[in-house]
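Secondary and tertiary structure notes
Here are the chains, one letter per residue:
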Amino acid sequence: MSDTLKLSQARKGARGVIVKVGDHGHHDEHAVELERRLLELGFVEGARVELLHEGLFGRDPIALKVDDMRVALRRHEAARLVIQVDGKAA
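Residues numbered from 1 in each chain as written. Predicted model: local features only at pLDDT ≥ 70, side-chain atom pairs only at ≥ 80, totals over all residues. Heavy atoms only, no water.

**Notes on the environment of Gly-16**
Structurally, the position occupied by Gly-16 is in strand S2 (residues 15–21). C-alpha of Gly-16 to C-alpha of Gln-84: the two residues are 68 residues apart in sequence and 5.3 Å apart in space. Here Gly-16 is in contact with Ala-47, Arg-48, Val-49, Gln-84, Val-85 and Asp-86, once residues within four sequence places are set aside. (Helix = DSSP H or I, 4+ residues; strand = E, 2+ residues; numbered from the N terminus. Contact = heavy atoms within 4.5 Å.)

As structure tokens, this is what we get:
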């Protein structure tokens, strides 16, 4: 059984599948807008992700491969995504 973690906690090389987008109980307008934008970018449940690169200072921003595209996110944005990590990558 694989572990789940927030994408913001993942390290370079981590791979997995998105299992949750956003916090479905929140009613904060900013959080709802961020969740909508992430969904539009392809961060949907079931999408495969891989953390390709981390920024030099504070490990921010991060570069991700989401299915067949590459996207950069800030860690506070990546914290809205929960992934199920593949095996040894974490």
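Don't stop here, the text continues.
**Details of the pairing of strand S6 (residues 81–85)**
Counting buried residues in S6 gives 4 out of 5 residues, a clear majority hidden from the surface. Note that strand S1 (residues 4–6) and S6 share 3 bridges and pair antiparallel. Note on S6: the bridge partner recorded for Lys-6 is Val-82. Relative to S6, S2 is paired through 5 bridges, and the arrangement is antiparallel. Its bridge partner being in S6, Ile-18 is matched across the sheet by Ile-83. (Buried < 20%, exposed > 50% of the residue type's maximum accessible area, 1.4 Å probe, protein only. Pairing = 2+ DSSP bridges.)

**So, the confidence of the model for the protein**
Confidence in the prediction for the protein averages 88 pLDDT; 89% of positions are at 70 or higher. Summarising per-element confidence for the protein, the mean pLDDT is lowest in helix H1 (residues 29–40) (89) and highest in strand S3 (residues 48–54) (96). (pLDDT = per-residue confidence, 0-100.)

**Re the pattern of salt bridges**
Considering all chains together, one arrives at 8 salt bridges under this definition. Note that Arg-36 and Glu-33 form a salt bridge whose closest N and O atoms lie 2.4 Å from each other. In this pair, Arg-36 and Glu-33 both sit in helix H1, 3 residues apart, roughly one turn of the helix. According to the relative accessible area criterion, Arg-36 is partly exposed, its value standing at 37%. Since its relative accessible area comes to 35%, Glu-33 is described here as partly exposed. Arg-36 is paired through a salt bridge with Glu-40; the nearest N and O atoms lie 2.4 Å apart. Note that Arg-36 and Glu-40 are positioned in helix H1 at a spacing of 4 residues, about one turn of the helix. One network of salt bridges, in which partners are shared, links Glu-33, Arg-36 and Glu-40. (Salt bridge = Lys/Arg side-chain N within 4 Å of Asp/Glu carboxyl O.)

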